[in-house]
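In case you want the letters, here they are:
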Amino acid sequence: MSSSAAPNRLLGYFIGALGASFFSTKGIVIKLALLENVDAVTTLTWRMIIAVPFFAVIGYFGYRKQKAANGGQSVLNWRITAKICAVGIIGYYVASYLDFAGLNYISAQFDRLILLTYPIFVVVIGALWQRRKISAAAMIALGVSYGGLAIIFAHDIQLEGQNTVIGALLVLGAALAFAIYQLLAKPLIDQVGARLFTSIAMSAAGGMVILHFLATHEFADLILSQKAMWLMLAIGTISTVAPAYLIAISIGMVGPEPTAVLGNVSTIVTIVLAITILGEPFSLYHGFGAALVLCGVLLFTHMDHRAQKLPAGAAQLKKQP
């Protein structure tokens with residue numbers, strides 16, 4: 001790997017962690033919106049109403065720039081555009097709706113812990129898809145991270161009551177949908193670029209969300225209090241626009257699996273915000289579990305960084321049984 005590639009990969013790690021941290025504010029904002037009697041579908045709809053214009057404008061200028069760079073030839077065709085729309089609906093409509101709905105039943109911390117199982121889905125599905133083995137180092141890193149999650153899970157599940165199963169299943173479905181999104185997004189991002197991909201994907205998902213709202217709600221349900229509208233603004237910008245582009249850029253720079261595992265950092269961000277803003281409980285179990293999660297993330301990042309520095313021949317030898 002060239003000397004310039006290593007700093008770029010480290011930058012990709014940082015961007016992925018930053019994007020995951022911004023995304024982690026979503027659960028906090030949704031919980032605050034629920035306190036204002038704003039349901040999941042309405043919150044999701046306002047999120048898209050606010051976010052999609054940003055994506056459309058950024059995507060338009062990104063499209064013009066790419067077209068000019070290609071001598072007037074478009075990087076898009078109907079087939080690629082349809083694929084991007086389908087992937088966007090999986091990642092930003094299906095996954096988001098299941099996640100939002102799950103927060104009706106479980107705490108923000110518990111939601112984040114379950115949602116963070118998506119890196120396991122990414123690694124396992126990616127390995128099965130490409131018919132390759134999962135390295136021992138990756139398994140150790142994942143084991144450390146999810147050992148920490150298991151400790152917190154075992155403690156929190158005793159406090160959540162009988163709604164835990166419903167909420168957990170909804171958020172687990174969101175984790176699976178987001179893992180599929182990340183895997184399918186990578187080749188499309190390579191084709192059209194992160195900015196254009198994210199713009200089209202989020203716009204398609206936004207259209208589906210609005211159709212869902214119109215089918216289940218009255219238009220007047222969009223009229224909210226001033227405090228609730230500030231929350232809608234926050235979830236549309238801080239929790240959606242900024243992290244969506246950061247995550248897409250990270251996937252393009254380091255791939256879906258490292259980006260997925262870096263998402264574990266959002267556990268710590270969510271715990272801090274849940275304690276300080278929502279007043280959720282925090283114990284020694286939470287502290288020890290969060291420490292393990294961070295150690296696992298750092299281990300995986302270090303392992304992946306070293307693997308990228310191997311010469312091509314050494315990398316091939318390492319892959320042999």
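Refer to the preceding data block for the structure.
Calculation notes
Position labels on residues start from 1 in each chain and follow its written sequence. Side-chain atom pairs in this predicted model are given and counted only at pLDDT of 80 or more, local residue features only at pLDDT of at least 70, and totals for whole chains, interfaces and linings cover all residues. Calculated side-chain values reflect all of the structure's heavy atoms, with hydrogen atoms and water omitted. To qualify as a nonpolar core, a set must consist of buried Ala, Val, Leu, Ile, Met, Phe, Trp, Tyr and Cys residues joined through side-chain atoms within 4.5 Å. Between buried and exposed lies partly exposed: a residue is buried under 20% and exposed over 50% of the maximum accessible area for its type, with that area taken using a 1.4 Å probe on protein chains only. By definition, any uninterrupted DSSP run of H or I lasting at least four residues is a helix, any uninterrupted run of E lasting at least two residues is a strand, and each is numbered from the N terminus. We call two residues in contact whenever any of their non-hydrogen atoms come within 4.5 Å of each other. Nonpolar side chains (Val, Leu, Ile, Met, Phe, Trp, Tyr) within 5 Å and like charges within 9 Å form the patches, drawn only from residues with over 30% relative accessible area and no salt bridge. Per-residue and other accessible areas were derived by the Shrake-Rupley procedure at a 1.4 Å probe size, with only the shown protein chains allowed to occlude residues. What counts as a salt bridge is simple: a side-chain nitrogen of Lys or Arg found within 4 Å of a carboxyl oxygen of Asp or Glu. For a helix, the expected span equals 1.5 Å multiplied by the residue count minus one. What is called the bend at a residue is the angle between a pair of axes, fitted to the seven residues leading up to and ending at it and to the seven starting from it. The term polar contact refers here to a pair of N or O atoms within 3.5 Å; inside protein, the definition further demands a hydrogen-donor-capable atom paired with an acceptor-capable atom, and it admits residues adjacent in sequence only when both atoms are side-chain atoms. Inter-axis angles, ranging from 0 to 180 degrees, are taken between N-to-C directions of lines fitted to C-alpha atoms, where helices are fitted over the stretch in contact. Roughly parallel here means an angle under 35 degrees, roughly antiparallel means over 145, roughly perpendicular means 65 to 115, and every remaining angle is called oblique. Asp, Glu, Lys and Arg are counted as charged, while Ala, Val, Leu, Ile, Met, Phe, Trp, Tyr, Cys and Pro are counted as nonpolar; the rest, among them Gly, fall into the polar class.

Draft legend 1. Local environment of the nonpolar core. The biggest cluster of nonpolar side chains holds 72 residues, and the ones touching the most others in it are I84, Y92 and F197. The dominant element in this core, judged by the number of residues it contributes, is helix 8 (residues 164–192), at 13 residues. Excluding residues that lie within four positions of it along the chain, Y92 makes contacts with F23, M48, Y181, M202, A205 and A244.

Draft legend 2. Representation of unusual backbone geometry. Not every positive phi belongs to a glycine, and N37 is a case in point at roughly 65 degrees. For N37, a relative accessible area of 73% translates into the label exposed.

Draft legend 3. Looking closely at a nonpolar patch on the surface. Together, I49, M208, I210, L211, L214 and F219 make up a nonpolar patch on the protein surface, roughly 560 Å² of accessible area in all. Note that M208 resides in helix 9 (residues 194–216).

Draft legend 4. Main features of helix 12 (residues 265–278). Taking 1.5 Å of rise per residue, 14 residues should cover 20 Å, and helix 12 covers 19 Å from first to last C-alpha, within 8% of that figure. Considered for burial, the residues of helix 12 that qualify are V265, S266, T267, T270, I271 and A274. Note on helix 12: the residue one or two positions beyond its end, G279, has a positive phi of about 70 degrees.

Draft legend 5. Focus on helix 3 (residues 40–69). Between the first and last C-alpha of helix 3 there are 42 Å, a value that for 30 residues agrees with the 44 Å anticipated at 1.5 Å per step. At A51, helix 3 is deflected by roughly 30 degrees, the largest bend along its length, and proline P53 occurs up to four residues later in sequence. Here helix 3 starts with a cap whose side-chain oxygen sits 3.4 Å from the backbone nitrogen of V41, and that cap is D39. Of the residues one or two after helix 3, G71 is the one with positive phi, at around 70 degrees.

Draft legend 6. Representation of the packing of helix 8 against helix 10 (residues 226–254). Direction vectors running N to C along helix 8 and helix 10 enclose 75 degrees, while the axes themselves pass 9 Å from each other. When the axis of helix 8 is compared with that of helix 10, the two are roughly perpendicular. Contacts from Q182, K186 and I189 in helix 8 reach I247, A248, I251 and G252 in helix 10. Looking at the contact of helix 8 with helix 10 residue by residue, the class counts come to four nonpolar, two polar and one charged.

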